[in-house]
Amino acid sequence: MTPDLMEAGAQRRAALEAKAAQQTGGSGGRSASFGRVARQGEPDFTHGVALYVDGLTVSFDGFKALNDLSLSIDVGELRCIIGPNGAGKTTMMDCITGKTKPDAGKVYFGSTIDLLRASETEIAEAGIGRKFQKPTVYEPLSVYENLELALRADRRVFSTLTWKAGGAERARIDELLVLMKLEGEAHRAAGLLSHGQKQWLEIGMLLAQDPKLLLLDEPVAGMSDEETERTAELFLSLAGQHSLVVVEHDMTFVAALTQGKRKVTVLHEGRVLAEGPLAQVQENPAVIEVYLGR
Ligand SMILES: Nc1ncnc2c1ncn2[C@@H]1O[C@H](COP(=O)(O)OP(=O)(O)O)[C@@H](O)[C@H]1O
Ligand SMILES: [Mg+2]
């Protein structure tokens, strides 16, 4: 790629960021969490494990939010994690993404990347994308521009012929628009989307970064039944190419994702209480107790 083309790409990105910052009064600092400067070693998935968590313990003022938590997610697996409020689900995601450093335990991405030794940025660069509960898209920018910004945050784009082609970038955005069922909304301001559509846009922005592992914290909270169904279809279509960890309370959604065959993990008091097919864990007396006995 010529320096001119690189310059043009950088200018376009800077212009989009300035537009977002100007109209929201924000700093556009969001781009930092999307930035992927350079990959520091690819994760090794040859053993079939995408994520390995062992003996994870986190204390907040002596209270153990995670207490010897161990679980493992296979490559391409779609795993639902359920559990009552305060079980430690979000804290687990905080540990995987480097936001919280645990007191003890191990967290590996693939068989070689020790996530406890990596910063939040390095973890994102290694290929772990996280979706928080609240959608955070650039509201004044169009759906298309939001995806463009997410794609350009990946600097690898500038170092390959992909960007030079231009058309390839557009093709990827179009592909994401179709996947997110937002084809009809491409040129609307993101702020005008429904809550569910904003959630999909944000997932599309994460996918633009081509993550290997996606962590989704209560993705259908606040969605209509129809949006929830569409989200289940979307996640099912992503499984296989990506490994997904979905924390969710909505049992209809969990049932749609597991399809009677996928494993569910139940967390309680910072550790795994039960694991297995949904129907089986729902019959487990210990699980019934934590859900109903309070
Ligand atoms: N930063 C923190 N400081 C103190 N306590 C925390 C902090 N984060 C989480 N906790 C506590 O840890 C427990 C687990 O929280 P969380 O991981 O958010 O649960 P969940 O997502 O399963 O509802 C809760 O009791 C919560 O109050
Ligand atoms: Mg939570």
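Each value, and the rule that gives it
- Residues numbered from 1 in each chain as written.
- Chains lettered and ligands numbered in written order.
- Predicted model: local features only at pLDDT ≥ 70, side-chain atom pairs only at ≥ 80, totals over all residues.
- Helix = DSSP H or I, 4+ residues; strand = E, 2+ residues; numbered from the N terminus.
- Buried ≥ 20, exposed ≤ 12 C-beta atoms within 10 Å, placed from the backbone.
- Contact = placed C-beta atoms within 7 Å.
- Core = buried A, V, L, I, M, F, W, Y, C linked by C-beta atoms within 7 Å.
- Near = placed C-beta within 6 Å.
- Nonpolar A, V, L, I, M, F, W, Y, C, P; charged D, E, K, R; others polar.
- pLDDT = per-residue confidence, 0-100.
- Pairing = 2+ DSSP bridges.
- Axes fitted to C-alpha atoms, helices over the stretch in contact; angles between N-to-C directions.

Peer 1: Give me the overall build of the protein: which residues, what numbers.
Peer 2: The helix and strand tally for the protein stands at twelve helices and ten strands. Each of the 294 residues in the protein was classed as buried or not, and the buried ones make up 39%. Contacts in the protein between residues far apart in sequence, at least 24 positions, make up 68% of those at least 6 positions apart.

Peer 1: Could you give an account of the nonpolar core, naming the residues involved and the relevant values?
Peer 2: Ile96, Ile128, Leu147, Leu201, Leu215, Val246 and Leu257 are the most contacted members of the largest nonpolar core, which has 71 residues in total. Apart from the residues within four sequence positions on either side, Leu201 is in contact with Val137, Val143, Asn146, Met180, Leu182, Ala190 and Leu193.

Peer 1: I'd like a rundown of the site of ligand 1, residues and numbers included.
Peer 2: Surrounding ligand 1, one finds Phe60, Ala65, Gly83, Asn85, Gly86, Ala87, Gly88, Lys89, Thr90 and Thr91. In terms of residue count, the dominant contributor to the shell around ligand 1 is helix α3 (residues 89–96) (three residues). Among the residues making up the shell around ligand 1, the classes are represented as three nonpolar, six polar and one charged.

Peer 1: Quick rundown of the confidence of the model for the protein? Include the residues and the values.
Peer 2: On average, residues of the protein score 87 in pLDDT, and 84% of them reach the 70 mark or higher. Taken together, the stretch residues 25–40 has pLDDT below 50 and engages in 28 contacts with residues farther than four places along the chain or on a different chain. Of the regions scoring below 50 in pLDDT, residues 157–165 engages in 16 contacts with residues more than four places distant in sequence or in other chains.

Peer 1: Tell me about the environment of Met180, and name the residues and values.
Peer 2: Mapped onto the fold, Met180 is located in the loop between α7 (167–179) and α8 (195–208). A C-alpha to C-alpha distance of 5.7 Å links Met180 and Trp200, two positions 20 residues apart in sequence.

Peer 1: Could you give an account of the sheet that holds strand β4 (residues 104–109), with specific residues and numbers?
Peer 2: With antiparallel pairing, the four strands of this open sheet are ordered in space as β2-β1-β4-β5. With partners counted over all chains shown, the strands left at the sheet margins are β2 (63–74) and β5 (113–114), one partner each. Inspection of the sheet shows β4 paired to β5 by two bridges, in the antiparallel sense. Bridge pairing links Phe109 to Ile113 in β5.

Peer 1: Describe the sheet that holds strand β6 (residues 128–131), listing the residues and the values that go with them.
Peer 2: Judged by pairing direction, the sheet is mixed, and its six strands sit side by side in the order β6-β7-β8-β3-β9-β10 without closing on themselves. Strands with a single pairing partner mark the edges of an open sheet, and in this sheet they are β6 and β10 (271–277). Neighbouring strand axes in the sheet, compared pairwise and without regard to direction, differ in orientation by 20 degrees on average. As defined by bridge partners, β6 adjoins strand β7 (residues 213–217) across four bridges and the pair is classed as parallel. When the sheet's bridge partners are listed, Arg130 is paired in β7 with Leu215.

Peer 1: Could you give an account of α3, naming the residues involved and the relevant values?
Peer 2: Of all eight residues that make up α3, seven are buried, and the element is covered over most of its length. Looking one or two residues beyond α3, the residue adopting positive phi is Gly98, at roughly 85 degrees.

Peer 1: Talk me through the pairing of β4; I want residue IDs and the actual numbers.
Peer 2: Bridge analysis of strand β1 (residues 49–60) against β4 gives five bridges, and the strand direction is antiparallel. What sits directly across from Leu51, in β4, is Phe109. Hairpin geometry of β4 and β5 is characterised by an intervening segment of three residues between the two adjacent antiparallel strands and by a positive phi of about 65 degrees at Gly110.

Peer 1: Pulling in residues and values, what's your account of the environment of Gly88?
Peer 2: Assignment of secondary structure puts Gly88 in the loop between β3 (78–82) and α3. For Gly88, a count of 23 C-beta atoms within 10 Å gives the class buried. Residues Gly88 and Asn67, 21 residues apart in the sequence, show an inter-C-alpha distance of 9.0 Å.

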